[in-house]
Amino acid sequence: MSFESFSEFIAMGGHGFYVWLSYAIALIVIVINIVNPARQKKKIVSDLVRRLRRENKSS
Amino acid sequence: MSEKKNWMPRWFYQLASPRWSYDIMGKLLPGFTVAALLFLVVGTVWALAFAPSDYQQGNSFRIIYIHVPSAVLAQSCYMMMAIAGAIGLIWKMKVADMVAKSCAPIGATMALLALATGAIWGKPTWGSWWVWDARLTSMLILLFLYLGVIALYSAIENEAMAAKSAAVLALVGLVNIPIIKYSVDWWNTLHQPATFKLTERPAMATEMWLPLLVMVIGFYCFFAVSLMMRTRNEILVRERRASWVKELVGKQ
C-alpha cells in the first residue's frame, strides 16, 4: 500500500480531484462501450422476431 | 486443367462467412469478457492503491494508468479499422467492412478518453488543460478522423458505398499514426516520451510499469469484447434475410 489511511487515499496528496475524475470518466466510457451494443442487440433481435411473426402470419 | 490456387489460409475464407464469424465471436466473447474484467479490476486497484507515487508528480501520476492504455488502444483500433477497410476494399469481404465500421465508435471514445485524461493530467503537471503541442494536436486529428469515418457511415445510405468511402478515408488518415508516434521526437514538446519501447526496457521502475502493462492488456481485452459485440450486431442486421438468422431468432 502506498497510503497510510483511507482519507489519504481519497485525497491523493491534493490531486484527488484530477485522479478520481480521470478514473470516473474511464469507467463511464468503458461501460458505455459495453452497454450500448448490448442494448442494440436486444432491439435488433426483438425487431427481427416481430418481422418474422408478421411474415409467418401473412404466408 | 488448372485449379485456382488458395493463397490465403482457410480461416481467412471462413472469416468471410458472416455465419461462421458470428458463431466464432459468440464462442470467444465469454473468455474475453472474463479476462477484461479480471485485468481491469486488478490493474485499477494496483494502479490506485499499490503503485508508488512519482517523486516529481506525486499521485497525479496515477492518471497514466488510464491515459496510456486509452491512447495506445485508440491508435491500434485505428490501424485495425484501416486494415479491415482495406481487406473489404480488396477482397470485397463484407465481414471486414462490418469490423471496420464497428471499430470507429470504440476508437473515437478511446481517443476522447486519452485527450480528456491528458487534459486532466496536464492541469496539475503543466499548469494548463491544453497546449497546442505536436502530440496533443495529432491525437486530436485522430479523433477527427474517427468522427469523419462515423459521419461517412451515417451520411451514405448504400452500405457498400459507405464502407468504400470510409475505408479510403481511414487509409488516407493512416499517415497520422506515425506522426503521433514520432511527434515527441520530431518536435520540441511538453509531452513526455513513450513509456514502452519494443527495443528497450522501460525507463520507469518495475513496480510502476507492471500495473500499466496489466491495464494495457485489460483495455485490449475490453476492446475485443466491445468490437465483437458490435460486429455481431452488424452481422445480424445485414444478414436479416438469411435463413440462419431467421432460424436463430425463431428459437428465441
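This is a predicted model, so every value here is computed, not measured. (Residues numbered from 1 in each chain as written. Chains lettered and ligands numbered in written order. Predicted model: local features only at pLDDT ≥ 70, side-chain atom pairs only at ≥ 80, totals over all residues. Heavy atoms only, no water.)

Asks: Please set out the overall build of chain A residue by residue, giving values where relevant.
Replies: Check the secondary structure of chain A and you find 2 helices and 0 strands. For 59 residues, the compact-globule estimate of 2.2 N^0.38 gives 10 Å, and chain A exceeds it by more than 25% at 23 Å. Projected onto its principal axes, the C-alpha coordinates of chain A cover approximately 70 × 20 × 15 Å. Carbon and sulfur atoms make up 62% of the accessible area of chain A, which totals about 4,100 Å². With 9 positive and 4 negative side-chain charges, chain A shows a separation of 25 Å between the mean positions of the two kinds. (Helix = DSSP H or I, 4+ residues; strand = E, 2+ residues; numbered from the N terminus. Rg over C-alpha atoms; globule rule 2.2 N^0.38 Å. Areas by Shrake-Rupley, 256 points an atom, 1.4 Å probe, with all protein chains shown as cover. Lys, Arg positive; Asp, Glu negative; His and termini not counted. Charge placed at Lys NZ, Arg CZ, Asp CG, Glu CD.)

Asks: Any chance you could break down the UniProt feature "transmembrane region" (unreviewed entry) in chain B for me, citing the residues and the numbers?
Replies: Residues annotated by UniProt as "transmembrane region" (unreviewed entry) correspond here to residues 28–51, 63–91, 103–122, 134–156, 168–188 and 208–229 of chain B. Strand forms 0% of residues 208–229 of chain B and helix 100%; the C-alpha atoms that close the span are 32 Å apart. (UniProt positions renumbered as here; feature names shortened; annotations may be inferred.)

Asks: Can you explain the UniProt feature "transmembrane region" (unreviewed entry) in chain A? Please cite residues and give values.
Replies: The positions that UniProt labels "transmembrane region" (unreviewed entry) are, in the present scheme, residues 17–35 of chain A. With 100% helix and 0% strand, residues 17–35 of chain A has end C-alpha atoms that lie 26 Å from one another.

Asks: So what's going on with the side chain of Ser183 of chain B? Residues and values would help.
Replies: Residues and elements named next belong to chain B. Here Ser183 is to be found in helix α7 (residues 176–186). On the accessibility criterion, Ser183 (0% relative accessible area) is buried. A polar side-chain atom of Ser183 sits 2.7 Å from the main-chain carbonyl oxygen of Ile180. Setting aside chain neighbours within four positions, we find Ser183 in contact with Ala134, Arg135, Ser138 and Thr189. (Buried < 20%, exposed > 50% of the residue type's maximum accessible area, 1.4 Å probe, protein only. Polar contact = N/O pair within 3.5 Å; in protein donor to acceptor, adjacent residues only side chain to side chain. Contact = heavy atoms within 4.5 Å.)

Asks: Break down the interface of chain A and chain B for me, citing the residues and quoting the values.
Replies: Taken together, the 31 residues of chain A in the interface contact 41 residues of chain B. Regarding the contact of chain A and chain B, the summed buried area is about 3,200 Å², with carbon and sulfur atoms giving 72% of it. A salt bridge links Glu55 of chain A to Lys246 of chain B, with the shortest nitrogen-to-oxygen separation between them at 3.4 Å. Where chain A meets chain B, there are 9 residue pairs in polar contact (both at pLDDT 80 or more). A total of 24 residues in the side of chain A that touches chain B trace back to one element, the largest contributor, which is helix α2 (residues 16–58) of chain A. Residue composition of the side of chain A that touches chain B, grouped by class: 21 nonpolar, 7 polar and 3 charged. (Buried area = accessible area lost by both parts, 1.4 Å probe. Salt bridge = Lys/Arg side-chain N within 4 Å of Asp/Glu carboxyl O. Nonpolar A, V, L, I, M, F, W, Y, C, P; charged D, E, K, R; others polar.)

Asks: Mind laying out the UniProt feature "domain: Cytochrome c assembly protein" (unreviewed entry) in chain B, listing which residues take part and the relevant values?
Replies: Mapped onto this numbering, the UniProt entry annotates "domain: Cytochrome c assembly protein" (unreviewed entry) at residues 34–191 of chain B. Secondary structure content for residues 34–191 of chain B is 79% helix and 0% strand, and the end C-alpha separation is 34 Å.

Asks: How would you summarise the pattern of salt bridges if you had to cite specific residues and measurements?
Replies: If you walk through the whole model with that rule in mind, you get 7 salt bridges over all chains. In this structure, Asp47 of chain A and Lys43 of chain A form a salt bridge, with 3.0 Å as the shortest nitrogen-oxygen distance. Within this pair, Asp47 of chain A and its partner Lys43 of chain A are both found in helix α2, separated by 4 residues, close to a single helical turn. Since its relative accessible area comes to 53%, Lys43 of chain A is described here as exposed. For Glu234 of chain B, the salt bridge goes to Arg238 of chain B, with nearest N and O atoms at 3.7 Å. Of this pair, Glu234 of chain B and Arg238 of chain B both sit in helix α8 (residues 206–238), 4 residues apart, which is roughly one turn of that helix. Each member of the pair, Glu234 of chain B as well as Arg238 of chain B, is classed as buried.

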